[in-house]
Amino acid sequence: SATSSAPPSGALLQESLRAALMAEAEEERRGMEQEVARSSMDVGRMWIDGRLFSEIVWNVEVSVRGAAPSLRGYKAGAGVVFVCGRGGYVEGSLVDHEEDGGARVRLRVTVRKDDSTTLTADGALGVVVGAKLNSVGLERQLDAVDRLSSRMEDERQGARALRAILLGSSKAATVAESAPAWMSSPAAVEAAKRALGRLQNLNPSQTAAIGKALTRRMTLWQGPPGTGKTRTLLGLCYVLTLVQTQQRGQIGKILAVAETNAAADNLLAGMDVLGISCVRVGPVSRVRAELQHRCLEALAEKSAAGKKAAKMRDMSTSLAQEAKALRDSGVLGSLTRAQELEFESQRLWKLSSAELSHAADSVMRDADVIVATCVSSGDVRLQDQEFRVVLVDEATQATQPSTLIALTRGAESVVMAGDDMQLPPTVISSKAQQLGLDLPLFTRMRLMGIVPELLSEQYRWVLISTDVPSCARTLARSVSLTRGTRLARPPGCIRVSLSFHRGRFTGGGCKPA
């Protein structure tokens with residue numbers, strides 16, 4: 001792994017990341033082909049069953065050869081890949097599924113409109129649940145690596161400074177401590193103090209972490225599970241939105257990202273509770289059902305222009321349903337009529353997309369925070385947006401190129417929360433690992449001398465069933481853990497206190513809680 005030596009910088013860094021991404025993509029392609037070859041799920045009847053905002057919903061009947069694989073572990077949003085009749089793949093997201101205990105399974109899957117047209121024309125031979133293609137993610141990551149060394153027009157000094165840190169400047173640790181422009185006035189400092197005072201139930205380490213992040217260009221927050229990293233990020237976001245009001249827009253929109261949809265959903269839900277004006281960007285099908293009303297498509301369709309566009313999309317979907325039924329009928333001359341309906345369906349969908357684009361722009365203008373996964377922060381609807389402040393949750397679970405998608409859009413101040421004592425990003429290619437793809441940006445920043453702020457109060461109890469010394473060694477962390485006050489202790493728990501100095505375990509103990 002690349003963590004054993006000093007990480008590359010500058011052009012060498014970009015070259016290594018590009019090569020690593022291509023190696024990982026090749027390994028993923030081979031894995032996908034093996035998954036397809038092993039798949040025992042053959043597609044039978046399939047039909048269009050409406051739409052979920054910008055995605056078409058398909059009902060798919062699947063017959064299983066041999067022992068039926070259980071789909072119980074797959075939740076809504078899981079990846080689904082269709083093997084098309086003319087070769088190639090189409091990717092979708094699982095909505096739900098039914099199993100009859102025998103050789104038949106019914107799936108409901110969302111697919112992008114363009115891919116839906118391909119499924120209608122080509123059909124599907126097989127399907128793999130739990131798989132995904134990474135073509136869009138790969139393209140966005142490669143683009144982010146390229147942008148790392150590309151100066152933007154009228155680039156601000158703060159953005160240049162942040163980019164120097166990301167490229168591995170020898171002065172990165174010093175530059176990271178410089179304050180962003182919007183915190184240079186006494187009025188902004190006072191606004192931040194007032195906002196911090198309104199936040200409740202923050203412990204001293206969380207409050208200190210927010211205070212440091214407000215006055216730095218690059219900040220790392222480290223803490224094991226249960227130390228409130230997401231909660232602290234939400235607190236920082238709340239403070240920044242109030243400073244933004246006082247500073248009359250100097251900060252601009254805040255971008256809050258996480259590597260997974262589940263973590264992005266947690267950020268979104270927390271902002272809703274705090275009353276922060278936010279919008280979720282990314283495929284709606286991969287967002288928790290109770291949060292989908294905060295997605296960009298849902299909010300855009302509520303506007304006057306959006307309602308008109310939604311009706312056009314409903315008409316487009318109905319025409320696509322009719323075209324699919326005609327294709328399946330086998331009636332003489334039905335194919336020509338089906339193609340006419342498909343053409344009209346596509347025309348209406350494109351018209352609706354233009355209307356919704358304007359509605360979406362209006363929604364984003366009114367939002368203080370954009371929430372997305374790292375990959376979805378490269379969404380085409382955000383390509384003209386500039387984000388001076390970027391908050392990254394789960395930062396140690398993301399590869400560098402994935403994180404860079406969010407950080408190469410004019411960022412001047414970045415906060416990354418994570419714990420690189422846990423598992424690194426998932427990288428399956430050994431060549432990509434050798435090139436450093438499993439080294440998170442968080443860790444590279446730390447190796448460059450940027451010292452993380454430690455969140456040191458633990459809010460989760462640890463159940464222990466082995467001897468105390470063994471537990472102390474197993475739970476050795478880079479912070480001292482003490483019990484927080486938010487959760488009542490369950491019976492039979494033990495309180496663990498561990499101490500470290502410069503990363504080395506210096507002592508600790510366990511006692512009944």
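What comes next is a walk through the structure. Note that the coordinates shown come from a computational prediction; the quantities given were computed from them, not determined experimentally. Position numbers for residues start from 1 in each chain and track the written sequence from start to end. With the structure being a predicted model, the display of local features is reserved for residues of pLDDT at least 70 and the display and counting of side-chain atom pairs for 80 or more, all residues being used for whole-chain, interface and lining totals. The basis for the side-chain values is all heavy atoms of the structure; hydrogens and waters are excluded.

## Here's the deal with the nonpolar core
Nonpolar cores were defined as sets of buried Ala, Val, Leu, Ile, Met, Phe, Trp, Tyr and Cys residues, with membership established by side-chain atoms within 4.5 Å. Buried, partly exposed and exposed residues are distinguished by accessible area as a fraction of the type maximum, computed with a 1.4 Å probe on protein chains only: under 20%, between the cut-offs, and over 50%, respectively. With 55 residues, the main nonpolar core has M218, V390, M416 and M445 as its most contacted residues. By definition, any uninterrupted DSSP run of H or I lasting at least four residues is a helix, any uninterrupted run of E lasting at least two residues is a strand, and each is numbered from the N terminus. Examining the composition of this core, we find that six residues originate from one element, helix α1 (residues 10–38), more than from any other. Whether two residues touch is decided by their heavy atoms; if any such pair falls within 4.5 Å, the residues are in contact. For M218, the residues in contact, after removing those within four places along its chain, are L162, I165, L166, A176, V414, M416, M445 and I450. Membership of the second largest hydrophobic core comes to 46 residues, among which are A188, L199, I276 and V287.

## Quick word on the packing of helix α11 (residues 304–329) against helix α12 (residues 334–366)
Contact geometry for α11 and α12: axes closest at 8 Å, N-to-C directions at 160 degrees. In terms of orientation, α11 lies roughly antiparallel with respect to α12. Between α11 and α12 lies a crossing of left-handed hand. Just so you know the grouping, Ala, Val, Leu, Ile, Met, Phe, Trp, Tyr, Cys and Pro go in nonpolar, Asp, Glu, Lys and Arg go in charged, and all remaining residues, Gly too, go in polar. For the contact of α11 with α12, the class distribution of residues is 16 nonpolar, nine polar and eight charged. Every axis corresponds to a line fitted to the C-alpha atoms, with the helix fit spanning only the stretch in contact, and the corresponding angles, defined between N-to-C directions, vary from 0 to 180 degrees. In what follows, roughly perpendicular refers to angles from 65 to 115 degrees, roughly parallel to angles under 35, roughly antiparallel to angles over 145, and oblique to any angle outside these ranges. By convention, the crossing between two helices is left-handed when the near helix turns anticlockwise from the far helix through less than a right angle, and right-handed when the turn is clockwise.

## Quick look at the pattern of salt bridges
A carboxyl oxygen of Asp or Glu within 4 Å of a side-chain nitrogen of Lys or Arg is what we treat as a salt bridge. Per the counting criterion, the structure on display carries 34 salt bridges. E155 is paired through a salt bridge with R163; the nearest N and O atoms lie 2.7 Å apart. Between D265 and R280 there is a salt bridge; the shortest N-O distance is 3.1 Å. Here the residue D265 occupies a position in helix α9 (residues 261–274), and R280 occupies one in strand β9 (residues 278–280), the gap between them amounting to 15 residues. Of the two residues, D265 and R280, neither departs from the other in class, the shared state being buried. In the salt-bridge network here, residues are joined through shared partners; they are E26, E27, R29, R30 and E33.

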